[in-house]
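# Structural overview for review
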Amino acid sequence: MRKSQDSQIGIFDSGVGGLTVLKELYQQLPNESILYFADTARLPYGDRSPEEIVQFVREILTWMTDQGVKMVIMACNTSSALALESVQLEFDLPTLGLILPGARAAVQKGKRIGVISTPATAASNAYRHAVEEIDPNARVWQVGCPEFVPLIEQNRIRDPYTKKVALNYLEPLLAEKIDTLIYGCTHYPHLEPVLQEILPAKVRLIDPAKYVVAAAEQELEIMGLKSTQPPIPTRFYVSGLADKFAQASRSWLGYVPIVEKVNLPVVQTPTISLEVLE
Ligand code: DGL
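Summary of the structure given here. Within each chain, residue numbers correspond to sequence positions counted from 1 in written order. The model is predicted, so local features are restricted to residues of pLDDT at least 70 and side-chain atom pairs to those at 80 or more, both for listing and for counting; the totals for chains, interfaces and linings are taken over all residues. The side-chain numbers reported here are obtained from all heavy atoms of the structure, hydrogens and water having been left aside.

Here L43 and P44 are connected by a cis peptide whose omega angle stands at -5°. Despite not being glycine, K177 shows a phi value in the positive range, around 55°.

The rule is short: rings of Phe, Tyr and Trp, with Trp giving its six-membered ring, pair when the centres are within 6.5 Å, and they are stacked under 30 degrees, edge-to-face over 60, tilted in between. Counting across every chain of the model gives eight aromatic pairs. Arranged with centres 5.4 Å apart and planes meeting at 45°, the rings of Y45 and F56 form a pair that is tilted. On the criterion of sequence distance, the pair formed by Y45 in the loop between strand 2 (34–38) and helix 2 (50–67) and F56 in helix 2 is long-range, its members being eleven residues apart. Here the two residues Y45 and F56 agree in accessibility, since each one is buried. Between W63 and Y237 the ring centres are 5.2 Å apart and the planes differ by 70°, which places this aromatic pair in the edge-to-face class. On the criterion of sequence distance, the pair formed by W63 in helix 2 and Y237 in strand 9 (residues 235–238) is long-range, its members being 174 residues apart. Think of it in three bands: residues with accessible area under 20% of the maximum for their type are buried, residues over 50% are exposed, and the middle band is partly exposed, with areas taken using a 1.4 Å probe on protein chains only. Judged by relative accessible area, W63 falls into the buried class, the value being 7%. Through successive ring pairs, a cluster of aromatic residues spans Y36, F236 and F245. Put simply, DSSP marks the helices as runs of H or I at least four residues long and the strands as runs of E at least two long, and each gets a number from the N terminus on.

The subject of this paragraph is the pairing of strand 7 (residues 180–184). Counting buried residues along strand 7, five of its five residues qualify, which places the element largely inside the surrounding structure. With burial as the criterion, each face of strand 7 is covered, one bearing T180, I182 and G184 and the other bearing L181 and Y183. Think of it this way: DSSP has to see at least two bridges between two strands before they count as a pair. Of the pairings in the sheet, the one linking strand 5 (residues 112–117) to strand 7 comprises five bridges and is parallel in character. Bridge pairing in strand 7 links I113 to T180. With three bridges joining them, strand 7 and strand 8 (residues 204–206) adopt parallel strand pairing. Its bridge partner being in strand 8, T180 is matched across the sheet by R204. Classification remark: right-handed applies to a crossover when, strands pointing away from the viewer, the course from the first strand over the helix to the second runs clockwise. You can see the chain leave strand 7, run along helix 9 (residues 192–198) and come back into strand 8, and the turn it takes is right-handed.

As far as function goes, none of this settles anything; it's purely spatial.
Structure below.
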């Protein structure tokens, strides 16, 4: 399908986390039309193996290619950390991830950088590698936070239990006297009111969403694909229960969106020829 300025930007996450990226898109690129996919049937991604995550992302990008999007923004750090490089090689579609824009922004702000993320992102060391490559003098501490995504998906932000969990996750980072904290999962900006209560005021919060959208704008300009016309309303799709996602996203969007369930295409895992390895 031919891509034009009017084509949509595809963004995806496992659930409501990507809405924090959607919000940035609305703010920074108000003329763009967006297609949002949430892989709610397989949420959370953060406990999955790298192989599973690469395969899920492959299926999503195959589907998005069929939808004719002009660009994909991974509104999911776990996918960005584990699958970006593979799918950039496999698909002829500009695809942006959150790690590099987030790491670049963090080193501008501080030298003692904490990262809160899913266990899969923390285990990948993607943020550590990205930060150290940009600034070898910066130090990085990462904490995997498995309980956050389920609590956010259940909209339990103000539950006292959530604050207890957050205190526990942030404790080792505060002990290291971090000056900067990266939201290493797109769900976590939803927790901002709770985290602000715990973090000292001098700790700078980095939301990579802001910076990936700025990078997307540059890329669209270079490709001559930036929209100049008013957008069509965002289309929302899920792999799980449409109504459940519509209700869960209401408090973040301010309205109940129309959500459609889709079946992702079955995509074979590319096999590496043994002859190539010999
Ligand atoms: N919001 C995603 C991320 O940024 C995925 C969270 C999950 O499903 O565990 O990592």
